[in-house]
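Results of the structural survey
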Amino acid sequence: MKRQRLIPLFFLLLVSLLNAQQVTKAQLAKALQECEQDFQAGKQQIEILSKALKATNHLIDRQTAVSDSLITNLRTQLVLQDSVTTLLKANADTLHMMVTDYNKKLDEVNSLYIRELKKRSRPWFLSGNGLQGLSYGLFIGAALGLIFGIAL
C-alpha cells in the first residue's frame, strides 16, 4: 500500500515540475528581445573597441616613427658632436703649438735684444767696431803726420 500511495504522489510531483518548467510565449518573446538588445549592445562595444584599437595602433605607429626620427637625429647629432670635438681638439693642439713657437720666438728676440743692449752699453773703445775705428784713425793720422812732416 505504501507503494500505491507513492505513485500518485510521484505523478503529481512530476506534473507540477513539468508545468513549472513550461515557459509562456510572452516570456520567450521578452527573453528573445533582451537577448537581441544584449547582442546589439555587445556589437556596439565590439565596434567601439575596434575603433579604439585602430586609434591605438595609429598612435603606436606615430610614436614609433617619431622615436625613430629622434634616434636618427640623436645619432646625427652625436656624429656632428664628435666631429666638432675632433676639430676643437685639433684647434687646441694648433693653438698650443703656435703659443709654444711664439714663446720660442719671443725668447730669441729677447736674447737678441739683450745682446744688442750689451753691445751698445759698452764703451766705444771696448767694442770691436770702436777698436777698429781707433786703429784706422791712428793709422790714417800717423800717415798724414808723416806726410806733413816730410813735406814741411
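Rules behind the numbers
Residues numbered from 1 in each chain as written. Predicted model: local features only at pLDDT ≥ 70, side-chain atom pairs only at ≥ 80, totals over all residues. Heavy atoms only, no water. Helix = DSSP H or I, 4+ residues; strand = E, 2+ residues; numbered from the N terminus. Buried < 20%, exposed > 50% of the residue type's maximum accessible area, 1.4 Å probe, protein only. Areas by Shrake-Rupley, 256 points an atom, 1.4 Å probe, with all protein chains shown as cover. pLDDT = per-residue confidence, 0-100. Salt bridge = Lys/Arg side-chain N within 4 Å of Asp/Glu carboxyl O. Expected span 1.5 Å × (residues − 1). Patch = residues over 30% accessible without salt bridge, like charges linked within 9 Å, V, L, I, M, F, W, Y side chains within 5 Å.

**Observations regarding the overall build of the protein**
Of regular secondary structure, the protein possesses 3 helices and 0 strands. When the helices and strands of the protein are placed in sequence order, the string is α-α-α. Taking all 152 residues of the protein together, 1% fall into the buried category. Summing over all exposed atoms, the protein offers an accessible surface of approximately 14500 Å²; the carbon and sulfur share of this is 67%.

**As for the confidence of the model for the protein**
Summing up the model confidence of the protein, the mean pLDDT is 85 and the portion of residues at 70 or higher is 81%. Element-level mean pLDDT values for the protein span from 62 in helix α1 (residues 2–21) up to 92 in helix α2 (residues 25–121).

**Considerations on the pattern of salt bridges**
Under the definition given, this model contains 1 salt bridge. In this structure, D93 and K89 form a salt bridge, with 3.7 Å as the shortest nitrogen-oxygen distance. Of the two residues, D93 and K89 both sit in helix α2, 4 residues apart, roughly one turn of that helix. D93 sits in the partly exposed class, given a relative accessible area of 38%.

**Here's the deal with helix α3 (residues 128–151)**
One full turn of an α-helix is made of 3.6 residues, so residues set three or four places apart face in the same direction. Helix length check: α3, at 24 residues, gives a terminal C-alpha distance of 34 Å against a target of 34 Å (1.5 Å per residue), a fit within 8%. Of all 24 residues in α3, 1 are buried, a share of ten percent or less.

**Things to note about a nonpolar patch on the surface**
Judged by side-chain polarity, Y136, F139, I140, L144, I147 and F148 come together as a nonpolar surface patch covering roughly 710 Å² of accessible area. As for its position among the elements, I140 is in helix α3.

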